[in-house]
Amino acid sequence: MQQHMPLDAVLMVIAIGAYVISALALLGYFFSREEWLKHLGIPLAIAGVAAQIAQLVARWEITHIWPLLNLYGSLSLFSVVSVGIFIYFAYRYKLWFAGGFVVGLAALFLAYATTWYEGAMPAVPSLQSYWAKIHVPLVVASYGAFMVAFVVSAMYLLKYYYEQRLATAPAPANLAMAGGGSSANLNTGEMRVRLDSPNIAAAAAAGNATAYWFNTMPSLAQLDILVYRVVAVGLPLLTLGIITGAMWAHEAWGAYWQWDPKETAALFSWIVYAIYMHLHTRSAWRGVRSTWISAVGFLTIMFCYFGVNLWISGLHSYKM
Amino acid sequence: MTATVRAYYEDFIRTFSNVLFAVCLLLIWGLMTLVGVIVQQGKDPSDYFGMYAPPLARMILRLNIDNIYHSPYYVGMIGLILISLTVCTFKRVIPARLPALRPVKIDKIPLNAGVDVPGDEASVRAHVEQFFVKRGWQVRNREFDGTEWTFADKHNWARRGVLIAHIGFAIIAAGTTVYWAKGFSGDSAVLVGQTIDVPHHNATLRLNNFNFKIQPIMTKSGMVYQPIDYVSNVTVVGDDGLPKNETIRVNHPIDIGGTLFYQASYGFALKFLVTHDGTRSAALSDKTYFTGDSITLPGSQRQIQVMQFVPTVDRQTGQPSADPRINDPAVALAVAEGGQTAGAALVPMKTWIDVGDGWRVTPEQYVMVSGLQYRYDPGVPLVGIGAFVLLAGLVISFYFLPARLFVRVQSAPQGCTVGLAAMTVKGYDIFETQFGELVADLRKSLAPSAPASSLSPAEATT
């Protein structure tokens, strides 16, 4: 007899499929700036989010177990939150050019999540708490925000170092003429591009395809502000996640802080982003240095999320 | 204060109020925290020699890295951060809370604009003030060297965000200090039927029974025995002498006079029937043995060590099963002679083994043990308040942008020129878009009936 896939598995497949096609379309948009690719990618990303939310709800309804208590469930939420936060910022700040990377990473994490699927598992006693419905979504949402910040940081760093490369490379005379001394603002139809990358602008005007592509991205200052704005979403979420985790630990383990590897790894990430925020108040540190810290911050988040869950045993070892 | 002391004091203030110094302290704190994540904490010294090369293991132990979070230098680092935070708060954050109203060179500020409008200076100034007041800006006028300046502030109150965050951090530190000063914690392994004294209170706790529920679940990786519930039913007798029945579960601690009791773990203790030539040894048989305890046989150097209680023995292999539920229980015993292990056996309950010289040991009965943790922490409310104050400070600092506009209205040959510049606590880029919109709106507002001002929107330079 043919066995049917359960509804949540069908929705998961739909979500992964939607993300993969959306990521490809948005990556195509990133490289070609063909508007139709953007108009294809956005609805697919939204459809992926809808399918994933429906999948989580269906899983909860079918199993009657809060679906975020293992790596499969939390990674699923991580993907949906990353794409959700990205869509919000993309609408608000015209960030669609970064969509391929965010949605692509979300699809990767979601595909990885499926490798942890072990079927319906009831929660262990320490996870049978209303705090699971508060703490886990907050922490995972902060991870999602930091992933978006990481992608924008990576773009900043790419553009910055390409500008540096052009600045140190001997420029043909016509390039210097094309961009030198211009103070006009360009309008790409997305974000206003300010000339804080004059060498890229000059090379773009001279017909350099890579430079043209970099030149259609927002200015470095605008990318820096975008990173700041996304981190400003992630850090309060992480803070609230740590606070609610401490409140839960106070009920479950007898102390709000146990120096458990997960807690301390989260504290480490919090410190890194606190450093980012402190440095971002200094004009001399705003830009490439603070962006590097944001990028490193996401690596610490990944260590906290996967490294501690998979390699270091502690009170938070809930893989399955 | 002598000149030398004053110089030291000023050096201290200068160093500790430096943001980069604070960042360095945060960085070191972060790295020390990370070391504690990577190096397992609180293990036996021999474990570190098992995990690392001897020189590294020695370093871990000598530098207290095995207990880094309670080491003097970790606590000292938090102390330094608190000092830096305090000095920064008084030296930087509070003075920056309400910056003085001062004139600026408008064209030197990156966010600046100029609008030429017809009309006299007084009416234009009044119009500009009204424009900002209507948009929620706090407007103040000051005269400097005969020139009247208008200052418009938005979200000025949000300049206190960093101050609030720092206060929150300090409150958390105070809360944890209260625990160190007045709190206590510990754990008790309580046998079913046993009564223990509640530490620091005139109260007792008796464990009436303990139950656990484990559910076997077939997963893709195989059978998993998932714990579902641990329940301790206890009777608490407090100051009033009245017994009160309570249930302790994971996530549901009970409160006895401010001390919370938590369900932490469970285990098994054992009773043995120990006989010598068929005669029961009351001294050895009346005791309750925990895992790791030994039965020392009188008149010999022979010891029977309780290695492990095995809830279920696999009937096919005769070995301990992975099933933690109690079906066919047995006890793993090891026999040692003069400190040397002589043998080991898995002994089913109610069956005996001969351990030599006429001695027989029979596992008679297992007794459930509930592992309870207790903690009295009067600092919890402070830590909770501090955490939310910190969070409030972060939200205020991140989401409300205090901005100040510097406006100067000057007579021009054909009316007036309104000079406008903006500063924020987070630089200029973050306010660029709003400033452009504000200038465009101001232009429209200043020329409602006229065709337009003489300048185009693109001239709002940034």
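Cut-offs and rules
Residues numbered from 1 in each chain as written. Chains lettered and ligands numbered in written order. Predicted model: local features only at pLDDT ≥ 70, side-chain atom pairs only at ≥ 80, totals over all residues. Helix = DSSP H or I, 4+ residues; strand = E, 2+ residues; numbered from the N terminus. Buried ≥ 20, exposed ≤ 12 C-beta atoms within 10 Å, placed from the backbone. Rg over C-alpha atoms; globule rule 2.2 N^0.38 Å. Contact = placed C-beta atoms within 7 Å. Expected span 1.5 Å × (residues − 1). Pairing = 2+ DSSP bridges. Axes fitted to C-alpha atoms, helices over the stretch in contact; angles between N-to-C directions. Domains from an automatic or database assignment. Parallel < 35°, antiparallel > 145°, perpendicular 65-115°, else oblique. Nonpolar A, V, L, I, M, F, W, Y, C, P; charged D, E, K, R; others polar. Core = buried A, V, L, I, M, F, W, Y, C linked by C-beta atoms within 7 Å. pLDDT = per-residue confidence, 0-100.

Asks: I'd like a description of the overall build of chain A, backed by residues and values.
Replies: Each helix and strand counted, chain A has 11 helices and 2 strands in total. Tracing chain A from N to C terminus, the helices and strands come up as α-α-α-α-α-α-β-β-α-α-α-α-α. Residues classed as buried in chain A amount to 54% of the 320 residues present.

Asks: Account for the overall build of chain B, with residues named and values stated.
Replies: Scanning chain B from N- to C-terminus turns up 10 helices and 19 strands. Against the 2.2 N^0.38 benchmark of 23 Å for 462 residues, chain B shows a C-alpha radius of gyration of 37 Å, more extended than a compact globule. With the C-alpha coordinates of chain B rotated into their principal frame, the extents come out at 125 × 55 × 55 Å. Across the 462 residues in chain B, those meeting the buried criterion constitute 29%. When contacts within chain B are restricted to residue pairs at least 6 apart in sequence, long-range pairs at least 24 apart make up 61% of them.

Asks: Any details on helix H5 (residues 72-93) of chain B? Residues and values, ideally.
Replies: Residues and elements named next belong to chain B. In this model, H5 (22 residues) spans 29 Å end to end at C-alpha, consistent with the 32 Å of a helix rising 1.5 Å per residue. Restricting attention to buried positions, one finds in H5 the residues Tyr74, Ser84, Leu85, Cys88 and Val93. Elements in contact with the buried residues of H5: helix H1 (3-16), helix H2 (19-38) and helix H7 (161-182).

Asks: Kindly report on the sheet that holds strand S3 (residues 147-154) of chain B, identifying the contributing residues and their values.
Replies: Strand pairing in a sheet is mediated by backbone hydrogen bonds. Such pairs are either parallel or antiparallel. Residues and elements named next belong to chain B. Strand order in the open sheet made by the 5 strands is S1-S19-S18-S3-S2, with antiparallel pairing throughout. Only two strands of the sheet have a single neighbouring strand rather than two, namely strand S1 (112-117) and strand S2 (138-144). For this sheet the average axis-to-axis angle between neighbouring strands, irrespective of direction, equals 20 degrees. With 6 bridges joining them, S1 and strand S19 (residues 415-424) adopt antiparallel strand pairing. Opposite Asn112, over in S19, you have Ala421 as the bridge partner. On the sheet, helix H6 (residues 121-134) packs against S1, S2, S3, strand S18 (403-412) and S19 and is oriented at approximately 160 degrees with respect to S18.

Asks: Report on the sheet that holds strand S12 (residues 294-296) of chain B, specifying residues and quantitative values.
Replies: All names here are of chain B. Read across the sheet, 4 strands follow the order S12-S13-S14-S15 without closing on themselves; strand pairing throughout is antiparallel. Unpaired on one side and paired on the other, S12 and strand S15 (340-348) mark the two borders of the sheet. Each adjacent strand pair in this sheet contributes to an overall mean axis angle of 25 degrees, direction not counted. As judged from the 8 bridges shared by strand S13 (residues 302-310) and strand S14 (residues 330-337), these two strands associate in the antiparallel manner. Of the residues in S14, the one forming a bridge with Ile304 is Val335.

Asks: Any details on the domain arrangement of chain B? Residues and values, ideally.
Replies: The accessible area lost on association of the parts is a frequent measure of interface size. The domain architecture assigned to chain B consists of domain 1 (3-93), domain 2 (106-155 + 402-459) and domain 3 (269-366). Distance between the C-alpha centres of domain 2 of chain B and domain 3 of chain B: 90 Å.

Asks: Any chance you could break down the packing of helix H3 (residues 71-93) of chain A against helix H4 (residues 99-114) of chain A for me, citing the residues and the numbers?
Replies: Residue and element names in this part refer to chain A. Close contact between H3 and H4 brings their axes to 8 Å; oriented N to C, the two are set at 170 degrees. Overall, the two elements H3 and H4 adopt an arrangement that is roughly antiparallel. Across the interface between the two elements, Leu71, Tyr72, Leu75, Ser76, Phe78, Ser79, Ser82, Val83, Phe86 and Ala90 from H3 touch Gly99, Val102, Val103, Leu105, Ala106, Phe109, Leu110, Tyr112 and Ala113 from H4. By residue class, the composition of the contact of H3 with H4 is 15 nonpolar, 4 polar and no charged.

Asks: Any chance you could break down the nonpolar core for me, citing the residues and the numbers?
Replies: Residues and elements named next belong to chain A. Counting 207 residues, the largest nonpolar core has Val102, Val148, Ala149, Val152 and Val230 as its most contacted members. Broken down by element, the residue count for this core peaks at 20 residues, all from helix H9 (residues 220-252). Apart from the residues within four sequence positions on either side, Val152 is in contact with Ala98, Leu223, Leu226, Val227 and Val230.

Asks: Please give an account of unusual backbone geometry that cites residues and values.
Replies: Residues and elements named next belong to chain A. The phi dihedral of His64 falls on the positive side, at around 60 degrees, and the residue is not glycine. With respect to the helices and strands, His64 occurs in the loop between helix H2 (35-63) and H3. A positive phi angle, close to 55 degrees, is found at Trp259, a residue other than glycine. Residue placement: Trp259 occurs in the loop between H9 and helix H10 (261-280). What makes Trp259 partly exposed here is the crowd of 19 C-beta atoms within 10 Å.

Asks: Before we move on, can you summarise the domain arrangement of chain A with the specific residues and values?
Replies: Residues and elements named next belong to chain A. Considered domain by domain, chain A is made up of domain 1 (1-122) and domain 2 (127-320). On the side of domain 2, 27 residues touch domain 1, which itself brings 26 residues to the contact. Going through the elements one at a time, H3 and H4 are the ones with two or more residues in the side of domain 1 that touches domain 2. It is H3 that contributes the most residues to the side of domain 1 that touches domain 2, 10 residues altogether.

Asks: How would you explain the interface of chain B and chain A if you had to name every residue and give the values?
Replies: Contacts between chain B and chain A engage 43 residues on the former and 44 residues on the latter. At the level of secondary structure, the elements contributing two or more residues to the side of chain B that touches chain A comprise H2, strand S6 (204-219), strand S7 (222-237), strand S10 (259-276), strand S17 (359-376) and helix H9 (380-399) of chain B. No other element matches H2(B), which puts 11 residues into the side of chain B that touches chain A. Of the residues that constitute the side of chain B that touches chain A, the class distribution is 27 nonpolar, 12 polar and 4 charged.

Asks: I'd like to hear about the pairing of S7(B), residue by residue, with values.
Replies: All names here are of chain B. Across 15 bridges, the pairing between S6 and S7 is antiparallel. Looking at S7, one finds that Ile217 is bridged to Val224. Where S6 folds back on S7, the antiparallel hairpin that results is connected by 2 residues. Here S7 runs beside strand S8 (residues 243-249); their pairing, made up of 7 bridges, is antiparallel. Pairing of Ser232 across the sheet is with Ile248, part of S8.

Asks: I'd like a rundown of the pairing of S13(B), residues and numbers included.
Replies: All names here are of chain B. Pairing analysis gives 3 bridges linking S12 to S13, with the strands arranged antiparallel. Residue pairing in the sheet places Ser294 in a bridge with Gln305 of S13. In sequence, S12 turns back onto S13 through a hairpin of 5 residues, with Gly299 there showing a positive phi of about 75 degrees.

Asks: Before we move on, could you go through the packing of H10(A) against helix H11 (residues 288-311) of chain A and cite the residues and values that matter?
Replies: Residue and element names in this part refer to chain A. Between H10 and H11, the least distance of the axes is 9 Å, while the angle of their chain directions is 170 degrees. Here H10 is positioned roughly antiparallel relative to H11, judged by the angle of their axes. Here H10 contributes Pro261, Lys262, Ala265, Ala266, Phe268, Ser269, Val272, Tyr273, Ile275, Tyr276, Leu279 and His280 to the contact with H11, which in turn contributes Arg289, Ser290, Ile293, Ser294, Val296, Gly297, Thr300, Ile301, Phe303, Cys304 and Val308. Grouping the constituent residues of the contact of H10 with H11 by class yields 15 nonpolar, 6 polar and 2 charged.

Asks: Give me the environment of Tyr48(B): which residues, what numbers.
Replies: Residue and element names in this part refer to chain B. Mapped onto the elements of the fold, Tyr48 is located in helix H3 (residues 45-51). Considering only alpha carbons, one finds Tyr48 and Ala403, 355 residues apart in sequence, at a separation of 55 Å. Apart from the residues within four sequence positions on either side, Tyr48 is in contact with Lys43, Ala57, Ile60, Leu61 and Asp66.

Asks: Break down the confidence of the model for chain A for me, citing the residues and quoting the values.
Replies: In low-pLDDT segments, the atomic positions of the prediction should not be examined closely. On average, residues of chain A carry a pLDDT of 85, and 88% of them reach 70 or more. The low-confidence segment residues 173-193 of chain A, where pLDDT is below 50, has 30 contacts with residues more than four positions distant or belonging to other chains.

Asks: Summarise the confidence of the model for chain B; cite the residues concerned and give the values.
Replies: Residue and element names in this part refer to chain B. Looking at chain B, the pLDDT average stands at 89 and 97% of residues meet or exceed 70. A low-confidence stretch, residues 450-462 stays under pLDDT 50, and its non-local contacts, those more than four residues away or across chains, total 22 contacts. Interface confidence for the predicted complex, given as ipTM, is 0.85, next to a pTM of 0.87.

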